[in-house]
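Examination of the molecular architecture
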Amino acid sequence: MTSVTQSTREVTPTPTPEPAQAKPRRRIGDRVFSGLSTGSGVTILVILAMVAGFLLMQAFPALTTPPAELEAKGYGQFWSWILPFAWGTVWASFWALLLAVPTSIGIALFISHYAPRRFASGLGYVIDLLAAVPSVVFGLWGSIVLAPAVQPLYLWLNTNLGWIPFFGGQASGTGRTLLTAAIVLAVMILPIITSLSREVFLQTPVLHQEAALALGATRWEMITMTVLPFGRAGVVSSVMLGLGRALGETMAVAMVLSGAPVITLEILTSQNPNTIAAVIAQNFPEAYGLKTNQLIAGGLVLFVITLIVNSIARLIVSRYKEFSGAN
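Residues numbered from 1 in each chain as written. Predicted model: local features only at pLDDT ≥ 70, side-chain atom pairs only at ≥ 80, totals over all residues. Heavy atoms only, no water.

**Focus: the overall build of the protein**
This is how the line gets drawn: The numbering of helices and of strands both runs from the N terminus, where a helix is a DSSP run of H or I of at least 4 residues and a strand a run of E of at least 2. Relative accessibility under 20% of the residue-type maximum defines a buried residue, over 50% an exposed one, and the middle range a partly exposed one, all with a 1.4 Å probe and only protein chains included. Every accessible area reported is derived by Shrake-Rupley at a probe size of 1.4 Å, with residue values counting cover from the shown protein chains alone.
Looking only at helices and strands, the protein has 13 helices and two strands in total. When the 327 residues of the protein are sorted by exposure, 40% land in the buried category. Surface summary for the protein: the accessible area is close to 19,000 Å², and the carbon and sulfur share equals 68%.

**Observations concerning the side chain of N158**
We apply this condition: Think of a polar contact as two N or O atoms within 3.5 Å of one another; within protein, one of them needs to be a possible hydrogen donor and the other a possible acceptor, and neighboring residues in sequence only count if both atoms come from side chains. Note on contacts: a residue pair qualifies if any of its non-hydrogen atoms lie within 4.5 Å across the two residues.
For N158, the location among the structural elements is in helix 6 (residues 135-160). N158 gets classed as buried once you look at its relative accessible area, which sits at 19%. Separated by 2.9 Å, the side chain of N158 and the backbone oxygen of F167 make a polar contact. Only 2.7 Å separates the side chain of N158 from the backbone oxygen of G169, close enough to count as a polar contact. Look past the residues within four positions of N158 in its chain and what remains in contact with it is F167, G168, G169, A171 and L268.

**Regarding the pattern of salt bridges**
Applied cut-off: Salt bridges, as used here, are contacts in which a Lys or Arg side-chain nitrogen is within 4 Å of a carboxyl oxygen on Asp or Glu.
Following the criterion strictly, the structure yields three salt bridges and no others. Between R198 and E199 there is a salt bridge; the shortest N-O distance is 3.4 Å. What makes E199 partly exposed here is its relative accessible area of 37%. One salt bridge connects E249 with R245, and the closest N-O pair in it is separated by 3.4 Å. The network of salt bridges with shared partners includes D128, R198 and E199.

**Overview of the side chain of S195**
Structurally, S195 can be placed in helix 7 (residues 178-202). Only 2.4 Å separates the side chain of S195 from the side chain of D128, close enough to count as a polar contact.

**Comments concerning helix 10 (residues 232-248)**
Selection rule: Here the expected length of a helix is defined as 1.5 Å per residue gap, with one fewer gap than residues.
The terminal C-alpha atoms of helix 10 lie 25 Å apart, and with 17 residues this matches the ideal 24 Å at 1.5 Å per residue to within 8%. For helix 10, the complete set of buried residues consists of A233, G234, V235, V236, S238, V239, M240, G242, L243, A246 and L247.

**As for the packing of helix 6 against helix 7**
Rules: Helix axes are fitted only over the stretch in contact, all axes being lines through C-alpha atoms; the angle between N-to-C directions runs from 0 to 180 degrees. For classification purposes, an angle smaller than 35 degrees is called roughly parallel, one larger than 145 roughly antiparallel, one from 65 to 115 roughly perpendicular, and anything else oblique. Take the far helix as the reference: if the near one is turned anticlockwise from it by less than a right angle, the crossing is left-handed, and if turned clockwise, right-handed.
Where helix 6 contacts helix 7, the two axes come as close as 9 Å, and the packing angle between them is 130°. Classed by the angle they form, the pair helix 6 and helix 7 counts as oblique. Once helix 6 is placed against helix 7, the crossing between them reads as right-handed. In this structure, helix 6 uses S135, F138, W141, G142, L146, A147, V150 and Y154 to contact helix 7, whose residues at the interface are L179, T180, I183, V184, V187 and M188.

**Notes on the packing of aromatic side chains**
Which entries qualify depends on this criterion: The aromatic pairing rule takes the rings of Phe, Tyr and Trp, using the six-membered ring of Trp, and pairs them if the centres are within 6.5 Å, calling planes under 30 degrees apart stacked, those over 60 edge-to-face and the rest tilted.
This model, assessed by the stated rule, comprises eight aromatic pairs. Pairing W95 with F166 gives two aromatic rings, centres 5.4 Å apart and planes at 85°, and the pair type is edge-to-face. Highlighted residues: W95 in helix 4 (residues 78-114) and F166 in the loop between helix 6 and helix 7, separated in sequence by 71 residues. The exposure class of W95 is buried, given its relative accessible area of 10%. Site record: aromatic cluster; members linked through ring pairs are W87, W91, F94, W95 and F166.

**A word on the packing of helix 4 against helix 9 (residues 219-230)**
Filter applied, for reference: Each residue gets one label: Ala, Val, Leu, Ile, Met, Phe, Trp, Tyr, Cys and Pro are nonpolar, Asp, Glu, Lys and Arg are charged, and the others, such as Gly, are polar.
At their nearest, the axes of helix 4 and helix 9 sit 13 Å apart, and the two run at 110° to each other. By the angle between their directions, the pair helix 4 and helix 9 is classed as roughly perpendicular. Residues L109, H113 and Y114 of helix 4 form the contact with helix 9, whose participating residues are R219, W220, M222, I223, V227 and L228. Along the lines of polarity and charge, the residues of the contact of helix 4 with helix 9 split into seven nonpolar, one polar and one charged.

**What about the nonpolar core?**
Quick reminder of the rule: Among the buried residues, those of types Ala, Val, Leu, Ile, Met, Phe, Trp, Tyr and Cys that are joined through side-chain atoms within 4.5 Å form a nonpolar core.
Core analysis: the largest hydrophobic core is formed by 70 residues, its most contacted members being I267 and I276. Of the residues forming this core, the biggest block, 14 residues, is contributed by helix 4. Beyond its immediate sequence surroundings of up to four residues, I276 is in contact with I82, F85, A86, T89, G298, G299, V301, L302 and I305. In this structure, I107, I111, A115 and I127 belong to the second largest nonpolar core, which totals six residues.

So, in structure tokens, the structure goes:
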């Protein structure tokens with residue numbers, strides 16, 4: 001009896017192995033979409049690297065040629081040649097943003113929270129149409145219509161506010177100044193900033209807005225407490241996108257501005273700093289040899305400026321994204 005009991009204890013049933021879980025099969029559509037997305041991202045990086053490589057290779061002769069040889073050929077030292085145009089690019093874009101950002105945000109808030117729905121949809125459509133107007137048309141409008149119209153205003157600013165460095169100097173008699181170019185750039189980037197800001201403001205959670213109104217806030221207080229904090233990152237992104245458009249604009253600035261290689265704060269005079277893009281467009285058709293390399297090196301400087309601006313925008317967006325109302 002004891003031996004039988006011991007034998008039954010020693011014989012234990014072997015556990016049955018659990019069936020292996022089958023891996024989920026990916027559908028063909030998922031694979032195709034994943035491949036296209038990955039390929040698109042890689043393609044953008046490859047194109048960006050190719051553009052940077054082209055600019056570096058073509059700009060290398062202008063950057064490495066001794067200054068004495070450049071001056072002997074009548075080109076001048078590269079950095080002393082490019083710095084005034086880099087300053088003009090940044091300075092004109094700064095004034096364009098100063099004019100466009102408050103106007104764009106105001107229009108976006110009016111469309112999203114103040115205007116009647118039918119009127120808001122029509123106004124938004126008209127603002128979006130501005131993005132389809134060619135740069136040449138803006139240049140013609142700025143040089144033929146806008147410049148003579150604002151010239152009396154420039155005279156008034158120079159006479160009454162000439163003690164401010166921006167409005168000092170001898171005011172231009174034609175109105176084709178840096179401020180005119182900045183106004184044209186502001187009109188060109190206005191639909192970009194307005195459209196993106198409007199869409200961000202419309203995504204603000206309705207419960208947040210209703211809660212602020214229920215606590216007794218006025219409409220403007222509700223906007224400052226809920227809408228603007230929620231859309232801060234999106235507004236910064238739209239502003240930086242508009243800044244990129246202003247930095248690289250060519251034809252409109254070339255047609256409005258009679259620039260010179262100078263560094264000045266004055267924006268109402270006839271002697272204005274030109275932009276890099278306008279200088280390249282104006283001089284490239286007749287350029288040859290080392291002059292072509294010098295102009296491409298200017299494009300490399302503009303490429304670096306744009307890259308720095310986009311990097312700063314990403315840092316700002318990532319900083320404010322954690323504190324937006326979307327979390």
